[in-house]
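Close look at the chain arrangement
Here are the chains, one letter per residue:
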Amino acid sequence: MKEEKKLGLMPLILMIFTSVYGFNNIPRSYYLMGYAAIPWFVIAGILFFIPFAFMIAEFGSAFRNETGGMYSWMCKSVGPKYAFVGTLMWYTSYILWMVNVSSGIWVPVSNIIFGEDNTANWSLFGSQFLSGSRLLGLMAVAFFIIITYFDSKGIDKISAVTSVGGTAVLTINVLVVVGSIVMIIARHGQLEQPFIGLESLKTPLNAAYQGSPIMILSFIVYALFAYGGIEAVGGFVDKTENPKKNFPKGIVSAALVIVVGYALLIMLVGSFTNYSEILGSDSITLGNVSYVIMSNFAASFGKAFGASQATQVALAHGFARVYALIMLLALMGAMFTLVYSPLKQLIEGTPKELWPGKMGEISEDGMPRNAMWIQCTIVCIMVLLVSFGGDTMQQFFVILTAMVNVGMTVPYMFISFAFPKFKKMKDVDRSFVIYKSQTSANIWGYVVTLTLLLANVFAIIQPALDGDFKTTFWSLSGPVVFGLAAWIIYTSYEKRLKSNKDTAEETVEAGVTTGANG
């Protein structure tokens, strides 16, 4: 039998990097905080990313033969109900991601067609009511139904074509780094957004964040979200050469590369983006800021080399189209995969009897069709509720982004809180260990849990403190509604099990009585 090739240190670092690093986090972070975002990425890396990745690695190594992933980890460490609630809330983050992407995917479409985002001006038949966020909501519903239809037919090969988007996003990163450095040299070291040391790292450029500690603390959720995807790291332990030595090195090295990468790129965005000139407009949203900044990158490059105003505009529109096409391909590829992949993992990892009706059925080609259409209904309802909430485009994308950030980081608390209990387990294969003692497991398990809890509390309550109760409501809605749904589903399952057990016992007793009478 051919031996599986193991990962060396460099391939491991690259795999962790590609699982975690997201370019879109950079322009969004610069838009929210400017240079002041950098320290929070470092803090989130130290208090969350590195210790949590080590926990995932220990879980993944100890339970490498389990097919249920994080459900199996938590089930064996704490219990099945805890595991199911945590896993369903993890799945919730993908539901919220689908709501966000199906609504936001029209921004790159607009950039491809017009060279800029003008979705705020779109309307159906000239109707004011069916314009802006409402129209995007209706288009998102149609788009998601079509995606679900094709995926339910098993036509997931389209995602293979869109994998080119991942390579192209890497190319964009290289272009921004090289292009920014060339511009800095051409301008003799001058940055478009002046950097004045500690003051720039301390004071946000965004007026909304200035003088508001709660707003600044709420930003840590964005930094935590930027490290999302590390649950995939658990599967790399046994695929690594000399894991006891290489895996900790790989985690720390990848973390340093990612933290430095985020910090460097945020600095470089400032080198060609003057905050008040480029990002001061009300038309800038969390949905389109990446495209605005990348358009400005191309225009600034032309300006640095003496291009005319007309040439700068042409460069901006041209590069916006290229970047939008890359992001569209990447998002489409992710969407085709994630419409069925997390759902399939959730259903296959849990008892089939747990799911009501035919929801737990997986067809012969591996597609959870019934569950996919239930998922489609939930996503469409959420899209319509958010999009018809009467918000501006700016607020619409703030709500969508907040929902995803909170939805993705809350489930990690279940894993980190379960880790100390996992360390107490006996008869577990502990061939890979980072946390040598129960005390260190307890400390870091609770530090990570507390970091996630406080960050999400600040992120949820901050909008309400500013009178924006709608964003607070929607941020909280995903974890609360799906957490409650998970609790109800599992409690119902427990009742069915108990009822079946009681029925079986009564049948046995009746048989014994009949036999005795006979």
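Summarised in this report is the structure supplied together with it. (Residues numbered from 1 in each chain as written. Predicted model: local features only at pLDDT ≥ 70, side-chain atom pairs only at ≥ 80, totals over all residues. Heavy atoms only, no water.)

**Observations concerning the overall build of the chain**
For clarity, the cut-off: Strands are runs of DSSP state E lasting at least 2 residues, helices are runs of H or I lasting at least 4, and numbering of each runs from the N terminus. In this description the radius of gyration comes from C-alpha coordinates, and the expected globular size is given by 2.2 Å times residues to the power 0.38. Buried, partly exposed and exposed residues are distinguished by accessible area as a fraction of the type maximum, computed with a 1.4 Å probe on protein chains only: under 20%, between the cut-offs, and over 50%, respectively. We call two residues contacting when some pair of their heavy atoms lies within 4.5 Å. Areas reported as accessible are Shrake-Rupley estimates using a 1.4 Å probe. Residue values count occlusion only from the protein chains shown. In this tally Asp and Glu are treated as negative and Lys and Arg as positive; neither His nor the chain ends contributes. In plain terms, the charge of a residue is placed at NZ if it is Lys, CZ if Arg, CG if Asp and CD if Glu.
Along the chain, the regular secondary structure elements total 21 helices and zero strands. The C-alpha atoms of the chain give 25 Å as radius of gyration, which agrees with the globular expectation for 518 residues (24 Å, within 12%). By its C-alpha atoms, the chain is 105 × 60 × 55 Å across when sized along the principal axes. For the chain, buried positions account for 53% of its 518 residues. Sequence-distant contacts, at least 24 apart, represent 81% of the contacts inside the chain between residues at least 6 apart. Taken as a whole, the chain presents about 22,800 Å² of accessible surface, with 66% of it coming from carbon and sulfur. Across the chain, the 33 positively charged side chains and the 30 negatively charged ones have centroids separated by 5 Å.

**Brief notes about the packing of aromatic side chains**
Aromatic rings considered in pairs are described by the distance between their centres and by the relative angle of their planes. Stated precisely, the cut-off is as follows: Geometry of aromatic contacts follows a simple scheme: Phe, Tyr and Trp rings, the Trp one being its six-membered ring, pair when their centres are within 6.5 Å, and the pair is stacked under 30 degrees between planes, edge-to-face over 60, tilted otherwise. Our definition puts a charge over a ring when NZ of Lys or CZ of Arg is within 6 Å of the ring centre and also within 35 degrees of the ring normal.
Tallying each qualifying case throughout the model produces 33 aromatic pairs. Considering the side-chain rings of Trp90 and Tyr94, the 5.2 Å spacing of their centres and the 75° angle between planes classify their relative orientation as edge-to-face. Of this pair, Trp90 and Tyr94 both sit in helix H5 (residues 80-104), separated by four residues, roughly a single helical turn. Judged on exposure class, the residue Trp90 and its partner Tyr94 are both buried. Directly above the ring of Trp487 sits Lys81, whose terminal nitrogen or CZ lies 4.0 Å from the centroid.

**Section: the packing of helix H4 (residues 70-77) against H5**
Stated formally: Think of each axis as a best-fit line through the C-alpha atoms, taken over the contacting stretch in the case of a helix, with angles from 0 to 180 degrees between the N-to-C directions. An angle below 35 degrees is treated as roughly parallel, one above 145 as roughly antiparallel, one from 65 to 115 as roughly perpendicular, and anything else as oblique. Each crossing gets its hand from how the near helix is turned against the far one by less than a right angle, where anticlockwise is left-handed and clockwise is right-handed. When residues are grouped by polarity, Ala, Val, Leu, Ile, Met, Phe, Trp, Tyr, Cys and Pro land in nonpolar, Asp, Glu, Lys and Arg in charged, and all others, Gly among them, in polar.
Axis separation between H4 and H5 bottoms out at 7 Å; the angle between their running directions is 150°. As summarised for this structure, H4 and H5 are arranged roughly antiparallel, according to the angle between their axes. The two elements H4 and H5 meet at a crossing, and its hand is right-handed. On H5, the residues that touch Met70, Tyr71, Met74 and Cys75 of H4 are Pro80, Tyr82, Ala83, Phe84, Gly86, Thr87 and Trp90. Of the residues belonging to the contact of H4 with H5, the class tally is nine nonpolar, two polar and no charged.

**Concerning a nonpolar patch on the surface**
Let me state the cut-off plainly: Exposure above 30% relative accessible area and the lack of any salt bridge qualify a residue for a patch; like charges then connect within 9 Å, and the nonpolar side chains Val, Leu, Ile, Met, Phe, Trp and Tyr within 5 Å. A carboxyl oxygen of Asp or Glu within 4 Å of a side-chain nitrogen of Lys or Arg is what we treat as a salt bridge.
A surface patch of nonpolar side chains, about 460 Å² in accessible area, is lined by Val42, Ile43, Ile46, Leu47, Ile443 and Trp444. Contributions of two or more residues to the nonpolar patch are made by helix H3 (37-62) and helix H20 (438-465). Ranked by the residues each element gives to the nonpolar patch, the list is headed by H3, at four residues. If you trace the backbone, Trp444 turns up in helix H20.

**Digging into H4**
Most of H4 is tucked away: six of the eight residues are buried. Along H4, the residues classified as buried are Met70, Tyr71, Ser72, Trp73, Met74 and Ser77. Once H4 ends, the next one or two residues include Gly79, with phi positive near 160°.

**Observations regarding the pattern of salt bridges**
A side chain with one charge may pair with a side chain of the opposite charge, provided their charged atoms come close. Inspection of the entire model under this criterion finds three salt bridges. Residue Lys81 is joined to Glu494 by a salt bridge in which the shortest nitrogen-to-oxygen separation is 3.1 Å. One end of the pair, Lys81, is in helix H5; the other, Glu494, is in helix H21 (residues 469-517), and 413 residues separate them in sequence. Look at Lys81 and you get buried, because its relative accessible area is 18%.

**Focus on the side chain of Ser93**
Topologically, Ser93 is positioned in helix H5. Residue class for Ser93 comes out buried when judged on its relative accessible area of 2%. Ignoring sequence-local partners within four residues, the contact set of Ser93 consists of Gly407 and Met408.

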